[in-house]
Amino acid sequence: MDKKDISLILDRLSEKYGGDAAYPGRSSEGLSPEWPFDPFHVLISTILSQRTKDDNTRKASDRLFSVYGTMEEIASAETEKVAELIRPAGFPNQKAGAIIETCKILLRDYGGKVPTQTEELLKLPMVGRKTAACVRAYAMSIPSVCVDTHVHRITNLMGLVDTDTPEKTEEELMRITPKKRWMDINRYFVRHGQVICRPNRPNCGECIVADMCDSRKDDA
Ligand code: SF4
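About the thresholds
Residues numbered from 1 in each chain as written. Predicted model: local features only at pLDDT ≥ 70, side-chain atom pairs only at ≥ 80, totals over all residues. Near = placed C-beta within 6 Å. Helix = DSSP H or I, 4+ residues; strand = E, 2+ residues; numbered from the N terminus. Core = buried A, V, L, I, M, F, W, Y, C linked by C-beta atoms within 7 Å. Buried ≥ 20, exposed ≤ 12 C-beta atoms within 10 Å, placed from the backbone. Domains from an automatic or database assignment. Contact = placed C-beta atoms within 7 Å.

### Digging into the site of the ligand
Near the ligand lie 14 residues; those nearest to it are C197, P202, C204, C207 and C213. The greatest single-element share of the shell around the ligand, amounting to three residues, is contributed by helix α9 (residues 149–158).

### Some thoughts on the nonpolar core
The tendency in soluble globular proteins is for nonpolar side chains to be buried side by side. Core analysis: the largest hydrophobic core is formed by 51 residues, its most contacted members being L43, V82, I86, I99, C134 and V135. Of all the secondary structure elements, the ones that give two or more residues to this core are α1 (3–17), α2 (39–48), α3 (54–67), α5 (79–86), α6 (92–109), α8 (129–140), α9 and α11 (182–195). Of the residues forming this core, the biggest block, seven residues, is contributed by α8. Looking at which domains feed residues into this core, each of domain 1 (3–23 + 148–212) and domain 2 (39–140) gives three or more. If we ignore the near neighbours within four places in the chain, the residues touching I99 are I44, I47, I74 and V82.

### A few points about unusual backbone geometry
For F91, which is not glycine, the phi torsion reads 45 degrees and is therefore positive. Position of F91 among the secondary structure elements: in the loop between α5 and α6. On the basis of neighbour count, F91 is assigned to the partly exposed category, with 17 C-beta atoms found within 10 Å. The phi angle at S141 is positive, at roughly 55 degrees, despite the residue not being glycine. One can find S141 in the loop between α8 and α9.

This is how it looks when you write it as structure tokens:
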């Protein structure tokens, strides 16, 4: 499938979901709608969002930031207390340790700021390419392709890419998509994955891009 096709798919999805879609970092990454999308909050919330559902991320983020309002406060917090607050997001001990360590590194090495370069972001605990891309896209407005499970799954189902890891999906999508549309990919495919192309229950009969999908099921 070529560039023109993914642009057409994004056009259709944007017509359907428009302002309802998950952007920037709202439901796809677990941020509360009223939050400012500053890099620090986006970074911490995206770490929390790993291997859990959006609602759980939101709960954990709200609980954490209602008690610890700043990077400094989290950096000096006890792991057990942070773990208890973020428990709704799962893996509380691992995520609490990573979040506290991230705050310490940001304060020590980056003057309390979140770095903008992917290579620097990847040095932080539990920050992989998806988290780095989401932080760059949603908090810094740097064109990036943020590949979460929905994006990886649906673009493979549709035959836009043929990849076995989110990292390869990101590379392929960057190759076949005009740069000006990179930010739309997460926004619209996540929404599509939440309401129509749900995992294990795709509603192909209601899908507005079914005619361009390699995995369409006509009896759905
Ligand atoms: S046609 Fe079905 S499998 Fe393909 S994108 Fe639409 S809902 Fe998903």
